[in-house]
Amino acid sequence: ENMAGHLPTSLKGLDNALCGGIPFGVVTELVGPAGIGKTQFCLKLSLLASLPSSYGGLDGSVIYIDTESKFSSRRMIEIGFNSFPEVFQTEGMAQEMAGRILVLRPTSLSEFTESLQKIKVSLFQHGVKLLIIDSMAALLSGEGVQGPQRQHSLGWHISFIKSVAEFSRIPVVVTNQVRSQSRDGTSHYSFQEQGRGESPEAATKLDSHLVAALGIHWAHAVSIRLIFESKSGQRFIKLAKSPVSPPLAFPFNITSSGISL
Ligand code: ATP
Ligand code: MG
């Protein structure tokens, strides 16, 4: 067992493979095409981190950096009511839980930089037990910085995110949208510029800017990579990178209670 602990995801098979869930102190990346369920997974994790410990939660606050304005407190409360009815039916609990999730909405790379600098202090002051960045790739498509300059500016963010995980010893979860697999079935995950609204079955097309921007530096910063994908109408979470498990795939569904088996 890892001394630093784990945040269970509520998906039993995945939790077993990860020795208990999303580990504290490292960066976990969720990658997959638009609409596959990365944000739904983040909402569930936010609930689990903020839930009272008597119900298996971490009883903490969550910092949710929402770069795509896709966080929905309404949807989070719906998932809460359906997943943990005993907690959410308690008077005032839904509001209290929602109040534990601090949502930041940077709209540019410079605002994102400010958000990261601000949270370094709040992490300790507010008993933060989970940091989510949903998503990282979205920040890269907006600003007009090209090529090496962009890669340089992101290097700082990548190092900072990794160090936040290490010094605060909380789980850090970052999402990245990619285009789906090519028709021959080989994985060509590439970072996608957001806002094109493609289905999970969309064809693969490389976006060289985004690949260059995150690149090898990012690959090394990430300890666990979960690939979200859809095959013949069934969604899967594939444990693509893990220090403790072989590559395994776990089926999941999205229902009124969020991500579930
Ligand atoms: P993007 O990369 O565009 O942000 P994503 O991977 O974050 O995509 P999500 O927003 O997490 O995708 O998932 C969207 C999916 O969740 C949709 O397929 C939608 O049908 C499903 N979904 C959302 N709310 C509900 C609900 N209340 N009941 C069932 N399914 C839902
Ligand atoms: Mg999303």
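Rules used in this analysis
Residues numbered from 1 in each chain as written. Chains lettered and ligands numbered in written order. Predicted model: local features only at pLDDT ≥ 70, side-chain atom pairs only at ≥ 80, totals over all residues. Heavy atoms only, no water. Helix = DSSP H or I, 4+ residues; strand = E, 2+ residues; numbered from the N terminus. Buried < 20%, exposed > 50% of the residue type's maximum accessible area, 1.4 Å probe, protein only. Contact = heavy atoms within 4.5 Å. Areas by Shrake-Rupley, 256 points an atom, 1.4 Å probe, with all protein chains shown as cover. Pairing = 2+ DSSP bridges. Polar contact = N/O pair within 3.5 Å; in protein donor to acceptor, adjacent residues only side chain to side chain. Axes fitted to C-alpha atoms, helices over the stretch in contact; angles between N-to-C directions. Left-handed = near helix turned anticlockwise from the far one by under 90°. Nonpolar A, V, L, I, M, F, W, Y, C, P; charged D, E, K, R; others polar. pLDDT = per-residue confidence, 0-100. Salt bridge = Lys/Arg side-chain N within 4 Å of Asp/Glu carboxyl O. Near = heavy atom within 4 Å. Phe/Tyr/Trp six-rings, centres within 6.5 Å; stacked < 30°, edge-to-face > 60°.

Okay, the overall build of the protein next. Each helix and strand counted, the protein has nine helices and eleven strands in total. Burial analysis of the protein (261 residues in total) assigns 52% to the buried set. Contacts in the protein between residues at least 24 apart in sequence constitute 67% of all its contacts with a sequence separation of at least 6. On the protein, roughly 11,700 Å² of surface is accessible, and the fraction owed to carbon and sulfur atoms is 54%.

Below, the discussion takes up the pairing of strand S8 (residues 222-231). In terms of residue burial, S8 counts as a mostly covered element, since seven of its ten residues are buried. Judged from the five bridges that link them, strand S3 (residues 27-32) and S8 form a sheet pairing that is parallel. Residue pairing across strands places Leu 30 opposite Leu 226, the latter belonging to S8. As judged from the seven bridges shared by S8 and strand S9 (residues 234-241), these two strands associate in the antiparallel manner. Bridging across to S9, Phe 228 finds its partner in Ile 237. Hairpin connection from S8 to S9: two residues lie between these consecutive antiparallel strands, with Ser 232 at a positive phi of about 50°.

Mapped onto the elements of the fold, Ser 108 is located in the loop between strand S5 (101-104) and helix H6 (109-125). Engagement of the side chain of Ser 108 in a polar contact is seen with the side chain of Ser 110, the distance being 3.1 Å.

Our next topic: the packing of helix H2 (residues 38-50) against helix H3 (residues 73-83). Relative to each other, H2 and H3 sit at 60°, their axes nearing to 10 Å. Crossing geometry of H2 relative to H3 is assigned as right-handed. Here Gln 40, Leu 43, Lys 44, Ser 46 and Leu 47 of H2 lie close against H3, whose contacting residues are Arg 75, Met 76, Ile 79, Gly 80 and Ser 83. For the contact of H2 with H3, the residue count by class is four nonpolar, four polar and two charged.

As a further point, take the confidence of the model for the protein. Across the protein, pLDDT averages 83, with 80% of residues at or above 70. Counting contacts from residues 182-207, a segment whose pLDDT is below 50, to residues more than four positions away or on other chains yields 62 contacts. Two numbers describe this predicted complex: its pTM, 0.88, and its ipTM, 0.99.

This brings us to the pattern of salt bridges. Opposite charge on two side chains permits them to pair, given that their charged atoms come into close proximity. With the rule as written, the count across this model stands at nine salt bridges. Here Lys 70 and Glu 68 are joined by a salt bridge, their closest N and O atoms 3.6 Å apart. With its nearest N and O atoms 2.7 Å apart, the salt bridge here joins Arg 75 to Glu 78. A residue pair is termed a helical-turn pair when its members lie 3 or 4 positions apart in one helix, as Arg 75 and Glu 78 do in helix H3 at three residues. Each of the salt bridges in this network shares a partner with another, and the network as a whole consists of Asp 59, Glu 96 and Arg 100.

Time to look at the site of ligand 1. If you check the shell around ligand 1, you find 17 residues, and the closest are Gly 35, Lys 38, Thr 39, Gln 40 and Gln 177. Note that an oxygen atom of ligand 1 is positioned 3.3 Å from one of the backbone N or O atoms of Ile 36. Between ligand 1 and Thr 39, the relevant distance is 2.8 Å, taken from an oxygen atom to a side-chain nitrogen or oxygen of the residue. Coverage of ligand 1 by the protein chains reaches 70% of its 650 Å² of free accessible surface.

A few words on the packing of aromatic side chains. Across all of its chains, the model carries six aromatic pairs by this definition. Measuring from ring centre to ring centre gives 5.4 Å for Phe 41 and Phe 228, while their planes differ by 85°; the resulting arrangement is edge-to-face. Here Phe 41 is found in helix H2, whereas its partner Phe 228 is found in strand S8, with 187 residues between them in sequence. For Phe 228, a relative accessible area of 0% gives the class buried. Taking the centre distance of 5.5 Å and the plane angle of 55° together, the rings of Phe 81 and Phe 88 count as tilted.

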